[in-house]
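Summary of structural features
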Amino acid sequence: QVQLVESGGGLVQPGGSLRLSCAASGSIDNIYAMGWYRQSPGKQRELVATITSGGSTNYPDYVKGRFTISRDNAKNTVYLQMNSLKPEDTAVYYCNADVSVTATTTRGYWGKGTLVTVSS
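An account of the accompanying structure is given in this report. Just so it is clear, the model here is predicted, and its values are computed rather than measured.

With that settled, consider the sheet that holds strand β1 (residues 2-7). Strand order in this open sheet of 4 strands is β1-β3-β8-β7, and the pairing throughout is antiparallel. The open sheet has two edge strands with one neighbour each: β1 and β7 (67-72). Taken over all neighbouring pairs, the strand axes of this sheet differ in orientation by 15 degrees on average, direction set aside. As paired strands, β7 and strand β8 (residues 77-82) are joined by 6 bridges and run antiparallel to one another. Along β8, the bridge assignment pairs D72 with T77.

So this is what it looks like as structure tokens:
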């Protein structure tokens, strides 16, 4: 089994910053792409950022320039630095990882999410 545990969410004022972390643990052979997604009430889950094992990143326009994804492969951890936060960034943020549990088996895993609330 593989577990992803997010942390770092909370309440922040507009224009503020937060840093999310997501640590993977369990029966891990290797971790490929990792990413962050978010879901607001009444909306579908949407992409926030992804990062490959080699460090290549991808962002949608609505967070580009404000959010930065990074990872520490030695710690099986991915981070999301969020700056210039807006009320519309309010959502539950989920971590995702493509994990090989054996030499021939790779699966996608999700964390349970951490709530980010941007409000004055």
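Attention now goes to the state of the cysteines. This structure, assessed with the given rule, holds 1 disulfide. Each sulfur in the disulfide pair C22 and C95 lies 2.1 Å from the other. Negative torsions about the S-S bond denote left-handed disulfides, and the value of about -80 degrees found for C22 with C95 makes this one left-handed. Placement of the pair is C22 in strand β3 (residues 18-26) and C95 in strand β9 (residues 91-100), with a sequence separation of 73 residues.

Looking at the secondary structure, you find L4 in strand β1. A relative accessible area of 6% places L4 in the buried class. C-alpha of L4 to C-alpha of G15: the two residues are 11 residues apart in sequence and 28 Å apart in space. When near neighbours in sequence (up to four residues on either side) are disregarded, L4 contacts C22, A23, A24, C95, N96, A97, Y109, W110, G111 and K112.

Rules of the game
Residues numbered from 1 in each chain as written. Predicted model: local features only at pLDDT ≥ 70, side-chain atom pairs only at ≥ 80, totals over all residues. Heavy atoms only, no water. Pairing = 2+ DSSP bridges. Helix = DSSP H or I, 4+ residues; strand = E, 2+ residues; numbered from the N terminus. Axes fitted to C-alpha atoms, helices over the stretch in contact; angles between N-to-C directions. Disulfide = S-S within 2.5 Å. Buried < 20%, exposed > 50% of the residue type's maximum accessible area, 1.4 Å probe, protein only. Contact = heavy atoms within 4.5 Å.

So yeah, pure geometry; function would need other evidence.
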